[in-house]
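Close look at the chain arrangement
Residue strings, one per chain:
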Amino acid sequence: MAKERIGDWFETYTGKRFWHLDPRVEDICIEDIGHGLSNMCRFNGQSKHFYSVAQHSINCAELAERKGYGRRLQLLSLLHDAAEAYVGDIVKPLKPYLIGFKEIENRIQEVIYEALNIVPPTYTESKIVKKIDTVMLVTEARVLTSMNGWGKWTEDVEADEHTVITLEPIPDVENWFLFMAKGLGAKA
């Protein structure tokens, strides 16, 4: 007899049922992640143009490659926001005040790594990915917002001068995200 699930569920793009409080490997697939992230706007939609979390993730992976990091760190950079495909993109200044949210998001991210057959990042790898993520935040905000500041975590961060922010059609971003994820070793 199957164990009863905790909480309630919603249906994903591929028709899977997903329980936020009880995520399981069989609930995860890279197609749902790619689709969800490519339809989700960065900056809580407060940008000059639609710009997806998937495009941000692609840019993070490409920045990791330009910095000379190997395929593993490129993949970790690409998937650093994968849980957002299931919980949404909560803006950084609000996240610390949502009691229990970070634990839920972290648990989902752990299950994603397991489902995609990826060893979770080490402490050092997490620090590298976080730095790449913050550089990309500043880089994107410079082009997509008025960039009057994004809080204390961006004060001493320089934009990446080699990243060109482009506005691509959602299906193209989704396909490129999935191509990169599979090419870098994420289990389909």
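Every chain is numbered independently, its residues counted from 1 as its sequence is written. Reporting of local features is limited, given that this is a predicted model, to residues whose pLDDT is at least 70; pairs of side-chain atoms are given and counted only at 80 or more, and all residues count toward the totals for whole chains, interfaces and linings. Side-chain measures were taken over the full set of non-hydrogen atoms in the model, leaving aside hydrogen atoms and water.

For the rest of this paragraph, the subject is the packing of aromatic side chains. Stacked, tilted and edge-to-face pairs are distinguished by plane angle, under 30 degrees for stacked and over 60 for edge-to-face with tilted covering the rest, among Phe, Tyr and Trp rings (Trp via its six-membered ring) whose centres lie within 6.5 Å. Within the structure shown, the criterion is met by 4 aromatic pairs. Relative to phenylalanine 18, the ring of phenylalanine 10 has its centre 6.0 Å away and its plane inclined at 70°; by these criteria the two rings are edge-to-face. Burial here depends on accessible area, computed with a 1.4 Å probe over protein chains only, as a share of the maximum for the residue type. Under 20% is buried, over 50% is exposed, and the range in between is partly exposed. The class of phenylalanine 18 is buried, set by a relative accessible area of 0%. When the ring of tryptophan 176 is compared with that of phenylalanine 179, the centres are 5.1 Å apart and the planes differ by 25°; the resulting orientation is stacked. Here tryptophan 176 pairs with phenylalanine 179, and both are found in helix H7 (residues 170-183), just 3 residues apart, close to one helical turn. By relative accessible area, which is 57% here, phenylalanine 179 ends up exposed. Of the aromatic side chains, those joined through ring pairs into one cluster are Phe10, Phe18 and Tyr86. Each helix corresponds to a stretch of at least 4 residues labelled H or I by DSSP, and each strand to a stretch of at least 2 residues labelled E; elements are numbered beginning at the N terminus.

With respect to burial, helix H3 (residues 71-78) is a largely interior element, 6 of its 8 residues being buried. All buried positions along H3 are accounted for by Leu73, Gln74, Leu75, Leu76, Ser77 and Leu78. Whether two residues touch is decided by their heavy atoms; if any such pair falls within 4.5 Å, the residues are in contact. Contacts from the buried residues of H3 go to helix H2 (53-66), helix H5 (101-115), helix H6 (123-144) and H7.

For the rest of this paragraph, the subject is the pattern of salt bridges. Between side chains of opposite charge, pairing is possible as soon as their charged atoms come close. Salt bridges are defined by distance alone: a side-chain nitrogen of Lys or Arg within 4 Å of a carboxyl oxygen of Asp or Glu. Summed over all chains, the structure comprises 12 salt bridges. Ionic pairing is found between arginine 5 and aspartate 27, a salt bridge with its closest N-O pair at 2.5 Å. Residue arginine 5 is found in the segment before strand E1 (9-11), and its partner aspartate 27 is found in the loop between strand E2 (17-19) and helix H1 (30-38); the two are separated by 22 residues along the sequence. Take arginine 5: its relative accessible area is 17%, and that puts it in the buried class. Aspartate 27 gets classed as buried once you look at its relative accessible area, which sits at 5%. Here arginine 66 ties to aspartate 160 by a salt bridge, and the two come within 2.7 Å at their closest N and O atoms. Highlighted residues: arginine 66 in helix H2 and aspartate 160 in the loop between H6 and H7, separated in sequence by 94 residues. One continuous salt-bridge network, built from bridges that share partners, spans Arg5, Asp22, Arg24 and Asp27.

With that settled, consider the side chain of aspartate 32. Within the secondary structure layout, aspartate 32 lies in helix H1. Positive charges are assigned to Lys and Arg, negative charges to Asp and Glu, while His and the chain termini are left out of the count. With no salt bridge to any partner, buried aspartate 32 finds its closest opposite charge in lysine 16, at an N-O distance of 6.1 Å. One polar contact links the side chain of aspartate 32 to the main-chain amide nitrogen of threonine 14, over a distance of 2.8 Å. We define a polar contact as two N or O atoms separated by no more than 3.5 Å, with the added condition that, inside protein, one atom must be a possible hydrogen donor and the other a possible acceptor, whereas residues neighbouring each other in sequence contribute only through side-chain atom pairs.

This part is about the nonpolar core. Here, nonpolar core means buried Ala, Val, Leu, Ile, Met, Phe, Trp, Tyr and Cys residues that are tied together by side-chain atoms lying within 4.5 Å of each other. In this structure, Ile33, Ile112 and Phe177 are the most contacted members of the largest nonpolar core, which totals 36 residues. Listed by contribution, the elements that provide at least two residues to this core are H1, H2, H3, helix H4 (84-87), H5 and H7. Here this core takes 6 residues from H5, the largest share from any one element. Setting aside chain neighbours within four positions, we find isoleucine 33 in contact with Ile28, Ala82, Ala85, Tyr86, Ile112, Leu116 and Phe177. Grouped together as the second largest cluster of nonpolar side chains are 9 residues, Leu63, Ile132, Val135 and Val138 included.

Further remarks concern the packing of H1 against H7. Axis geometry follows a simple rule: fit a line to the C-alpha atoms, using only the stretch in contact for helices, then measure angles between N-to-C directions, giving values from 0 to 180 degrees. Between H1 and H7, the least distance of the axes is 9 Å, while the angle of their chain directions is 140°. With respect to H7, the axis of H1 lies oblique. Of the two elements, H1 crosses H7, and the hand of that crossing is right-handed. On the side of H1, the interface is formed by Ile30, Glu31, Ile33, Gly34, His35, Leu37 and Ser38, while H7 contributes Ile170, Val173, Glu174, Phe177, Leu178, Ala181 and Lys182. The residue classification treats Ala, Val, Leu, Ile, Met, Phe, Trp, Tyr, Cys and Pro as nonpolar and Asp, Glu, Lys and Arg as charged. All others, Gly included, are polar. For the contact of H1 with H7, the class distribution of residues is 8 nonpolar, 3 polar and 3 charged. Here the word oblique covers every angle except those under 35 degrees (roughly parallel), over 145 (roughly antiparallel) and from 65 to 115 (roughly perpendicular). For any helix crossing, the convention is left-handed if the near helix is rotated counterclockwise from the far helix by under a right angle, and right-handed if that rotation is clockwise.

On their own, these measurements won't tell you what the molecule is for.
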